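Here's the letter readout for the chains.
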Amino acid sequence: MTPAELSESLRAALAGAVADGTFALDAADLPATVHVERPRQREHGDWATNVALQLAKKAGTNPRAFAEELARRLADAPGVAKVDVAGPGFLNITLDAAAAGELARAIVEAGPAYGRGTSLTGERIDLEFVSANPTGPLHIGGVRWAAVGDSLARVLEASGADVTREYYFNDHGAQIDRFARSLLARAKGEPAPEDGYGGEYITEIADQVIADAVAAGEPDPRTLPDAEAQEVFRSRGVELMFAEVKRSLHEFGVDFDVYFHEDSLHENGAVDRAVARLRELGHIYEADGATWLRTTEFGDDKDRVIIKSDGEAAYIAGDLAYYLDKRERGFDRAIMMLGADHHGYIGRMMAMCAAFGDTPGVNLEILIGQLVNLVKDGQPVRMSKRAGTVVSIGDLVEAVGVDAARYSLARSSVDSSIDLDLDLLSKATNENPVYYVQYAHSRTAGIARNAAEAGVRREDGFDAALLDHESESVLLGRLAELPRVVAQAAELREPHRVARYLEEVAGAYHKWYDQQRRVLPFGDEEVSDAHRTRLWLNDATRQVLANGLGLLGVSAPERM
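Residues numbered from 1 in each chain as written. Predicted model: local features only at pLDDT ≥ 70, side-chain atom pairs only at ≥ 80, totals over all residues. Heavy atoms only, no water.

Considering the overall build of the chain
No. 1: Counting secondary structure elements, the chain contains 20 helices and 14 strands.
No. 2: Once the C-alpha set of the chain is aligned to its principal axes, its extents read approximately 85 × 65 × 40 Å.
No. 3: Residue pairs in contact within the chain that sit at least 24 positions apart in sequence constitute 71% of those at least 6 positions apart.
No. 4: Looking at the chain as shown, the accessible area adds up to about 24700 Å², and 48% of this sits on carbon and sulfur atoms.
No. 5: In the chain, which carries 60 positive and 89 negative side-chain charges, the distance between the mean positions of the two groups comes to 3 Å. (Helix = DSSP H or I, 4+ residues; strand = E, 2+ residues; numbered from the N terminus. Contact = heavy atoms within 4.5 Å. Areas by Shrake-Rupley, 256 points an atom, 1.4 Å probe, with all protein chains shown as cover. Lys, Arg positive; Asp, Glu negative; His and termini not counted. Charge placed at Lys NZ, Arg CZ, Asp CG, Glu CD.)

This is the structure in structure tokens:
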């Protein structure tokens, strides 16, 4: 019996009590899904629910009496061995071994679909993440967003959402001008501007710009007037730098559906259209020669200039146009993932959302990620020579590989800073969390291979009642939780829940294997349904681990 099936049995029992007048409720008062969860203590049964506490007051009775009546009705449901009422009205439910064991077959038959849900079906979500300036290699903070953002997109999709991965390409503004000046200075053999960029990559790009120009029969940009030369280095340098960023992300397993150019907002009139819309809504005013957005009406600490007195658009003008563009493209939700230095940015962005008539936190969500520190030999990792001032995506991947990098960055809540121990992530031991989970998967694959060689075939028999060992009950309970974990990770925007769950599954599997390893016949022992049934459980675990690792963009190796 799956948690969904048990939930449906609970709802049926509730509906029956409402229909015959036992519970003074309307059918509309019943939840669409009755939530069940694993009790913290195994002796409290397989599943628990607090639905009686939720509905008793509305039904005009006390929660314990409500729970006792519901327990009486649920006790007759197929697959339920026992229902106990605990405390003020909790229901602790124990399944019979056969009902619990059926989950193994259900998981195997569902395959890659197991764990997927429909809670976000019909929602169109624009998920913007990374969006680093194209002025240098992707640094470790951006790499964290790459791992978390892509994992979140996968989790949202697994919950039914239509997700567009979007990269906001910052190709407009002062940082691009500084980048161009840095390239030009390096090409001329001059020191970098005081506010410019350093690192070997600047030399590499400057040399490539010159080589490309000469190969195309164009003048060496160093021979041009400074203004013209800077424009050549700006346009071609940004193109080369962003191509490298895209390449490094692709090798990291992250690709985007949309690369949105900031410059386009200023070139196609999107800023003017956004200002006009807000003016129509009555939120624009003029003062001191500038155009202002009255964001204090929507909780901001001060009103914001959107067109400066010199006629230039302020930075927030691009934000207004970009948000409106997303909504006009038909997205129900725009989720932005920003670095720790953008925390003060939230108030004005939410005010902007409200000014357009939308609901902050619903139509616009902002996730803030904290810092990542790399540690090796107990010491902080120094800057990358090539990048100049930061540790780059290439440095991390070279040190531990893509799988370990992605998993370790995605397994912690983004609102906490993390220290990545490069020595630990390079170890092939259970201390290394990604190794621990991947090894569990490879172990399931190895058992499946050995079973095939020994003539143990799932299709020849399955008796769910044989999965009656304590370790099997614990493992089945863990496997049952994947749909709930995925739905919760999607709802809370917390893909790290999937990683932590996989570590629990791996632990339960290793314990089961150590205590109940009889998937293979021993000596002259004949193959029995017990061997076949345990193979179903082994393969169900394999499927859950593969599905979960897939949600994190991490491989599920067959051998290690």
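A closer look at helix 18 (residues 482-492)
No. 1: Of the positions making up helix 18, those classed as buried are Leu482, Val485, Val486, Ala489 and Ala490. Buried residues along helix 18 cover an arc of 130° about the axis, so they all sit on one side.
No. 2: Where the residues of helix 18 are buried, they touch helix 5 (140-158), helix 17 (470-480), helix 19 (496-515) and helix 20 (529-551).
No. 3: Looking one or two residues beyond helix 18, the residue adopting positive phi is Arg493, at roughly 60°. (Buried < 20%, exposed > 50% of the residue type's maximum accessible area, 1.4 Å probe, protein only. Arc of directions from axis to C-beta.)

With respect to the packing of aromatic side chains
No. 1: Counting across every chain of the model gives 18 aromatic pairs.
No. 2: Judged by centre distance (4.0 Å) and plane angle (15°), the rings of Phe169 and Phe242 are stacked. Residue Phe169 is located in strand 5 (residues 162-169), and its partner Phe242 is located in helix 8 (residues 226-251); the two are separated by 73 residues in the primary sequence. For the pair shown, Phe169 and Phe242 are each scored as buried.
No. 3: Arranged with centres 5.6 Å apart and planes meeting at 45°, the rings of Tyr509 and Trp512 form a pair that is tilted. (Phe/Tyr/Trp six-rings, centres within 6.5 Å; stacked < 30°, edge-to-face > 60°.)

As for the pattern of salt bridges
No. 1: Going through the model one piece at a time under the given rule, you end up with 45 salt bridges.
No. 2: Between Arg329 and Glu166 there is a salt bridge, with its nearest N and O atoms 2.9 Å apart. In this pair, Arg329 is assigned in the loop between helix 11 (315-328) and strand 10 (333-339) and Glu166 in strand 5, connecting sequence segments 163 residues apart.
No. 3: Classification of Arg329 as partly exposed rests on a relative accessible area of 27%.
No. 4: Judged by relative accessible area, which is 0%, Glu166 ranks as buried.
No. 5: In this structure, Glu297 and Arg294 form a salt bridge, with 3.9 Å as the shortest nitrogen-oxygen distance.
No. 6: Taking the relative accessible area as the measure of exposure, Glu297 reaches 49% and is therefore partly exposed. (Salt bridge = Lys/Arg side-chain N within 4 Å of Asp/Glu carboxyl O.)

Some thoughts on the domain arrangement of the chain
No. 1: Domain annotation for the chain reports domain 1 (3-95), domain 2 (101-119 + 429-552) and domain 3 (174-242).
No. 2: The C-alpha centroid of domain 3 is placed 69 Å from the C-alpha centroid of domain 1. (Domains from an automatic or database assignment.)

Details of unusual backbone geometry
No. 1: In this structure, Asp288 is a non-glycine residue whose phi angle is positive, near 55°.
No. 2: Structurally, Asp288 can be placed in the loop between strand 7 (284-287) and strand 8 (290-293).
No. 3: Here Arg493, not a glycine, exhibits a phi torsion of approximately 60°, which is positive.

Describing the pairing of strand 10
Within a regular strand, the side chains alternate between the two sheet faces.
No. 1: The buried count for strand 10 comes to 6 of 7 residues, which makes it a mostly enclosed element.
No. 2: Pairing between strand 4 (residues 124-128) and strand 10: 4 bridges, direction parallel. By the bridge assignment, Ile125 is partnered in strand 10 with Arg333.
No. 3: Taken together, the 6 bridges between strand 10 and strand 11 (residues 364-369) define a ladder with parallel strand orientation. Opposite Ala334, over in strand 11, you have Leu364 as the bridge partner.
No. 4: A crossover links strand 10 with its parallel partner strand 11, the connecting element being helix 12 (residues 346-355), and its sense is right-handed. (Pairing = 2+ DSSP bridges. Right-handed = clockwise from strand over helix to strand, strands pointing away.)

Looking at the UniProt feature "short sequence motif: 'HIGH' region" (unreviewed entry) in the chain
No. 1: In this structure's numbering, the residues bearing the UniProt feature "short sequence motif: 'HIGH' region" (unreviewed entry) are residues 132-142.
No. 2: As a span, residues 132-142 carries 27% helix and 0% strand, and end to end its C-alpha atoms are 7 Å apart. (UniProt positions renumbered as here; feature names shortened; annotations may be inferred.)

Considerations on the sheet that holds strand 8
No. 1: Read from one edge to the other, the open sheet built from 3 strands follows the order 7-8-9, with strand pairing classed as antiparallel. Each of the sheet's edge strands pairs with one partner strand only, and the pair in question is strand 7 and strand 9 (304-307). The sheet shows a mean angle of 45° between the axes of neighbouring strands, direction not considered.
No. 2: The pairing of strand 8 with strand 9 spans 3 bridges and is classified as antiparallel. Its bridge partner being in strand 9, Leu293 is matched across the sheet by Arg304.
No. 3: In the packing of helix 10 (residues 270-280) onto the sheet, contacts are made with strand 7, strand 8 and strand 9, and the angle to strand 7 comes to roughly 100°.
No. 4: Contacts from helix 11 reach strand 8 and strand 9 within the one sheet, and its direction differs from that of strand 9 by about 80°. (Axes fitted to C-alpha atoms, helices over the stretch in contact; angles between N-to-C directions.)

What to know about the side chain of Thr164
No. 1: Secondary-structure assignment places Thr164 in strand 5.
No. 2: Note on Thr164: relative accessible area 12%, which makes it buried.
No. 3: If we skip the residues at most four places from it in the chain, Thr164 touches Ile125, Asp126, Leu127, Asp257, Val258 and Phe331.

Describing the packing of helix 17 against helix 20
No. 1: Where helix 17 contacts helix 20, the axes come no closer than 10 Å and their chain directions differ by 35°. Relative to helix 20, helix 17 is oriented so that their crossing is left-handed. Counted together, Glu472, Leu475, Leu476 and Leu479 of helix 17 and Arg534, Leu537, Ala540, Thr541 and Val544 of helix 20 form the full contact between these two elements.
No. 2: Split into classes, the residues belonging to the contact of helix 17 with helix 20 amount to 6 nonpolar, 1 polar and 2 charged. (Left-handed = near helix turned anticlockwise from the far one by under 90°. Nonpolar A, V, L, I, M, F, W, Y, C, P; charged D, E, K, R; others polar.)

What about the pairing of strand 5?
No. 1: A large share of strand 5 lies buried, amounting to 7 of its 8 residues.
No. 2: Note: strand 4 against strand 5, 5 bridges, orientation parallel. From the neighbouring strand, Asp126 faces strand 5, where its bridge partner is Thr164.
No. 3: Crossover strand 4 to strand 5 through helix 5 is right-handed.

Remarks on the environment of Arg178
No. 1: With respect to the helices, strands and loops of the structure, Arg178 is situated in helix 6 (residues 174-187).
No. 2: On the basis of relative accessible area, Arg178 is assigned to the partly exposed category, the value being 25%.
No. 3: Once the C-alpha coordinates of Arg178 and Thr135 are considered, the two residues, 43 residues apart in sequence, prove to be 8.8 Å apart.
No. 4: Non-local contacts of Arg178, meaning those with residues more than four positions away in its chain, are made with Asp195, Gly196 and Tyr197.
No. 5: Within the local environment of Arg178, its side chain forms a polar contact with the backbone oxygen of Asp195, the two atoms lying 3.2 Å apart. (Polar contact = N/O pair within 3.5 Å; in protein donor to acceptor, adjacent residues only side chain to side chain.)

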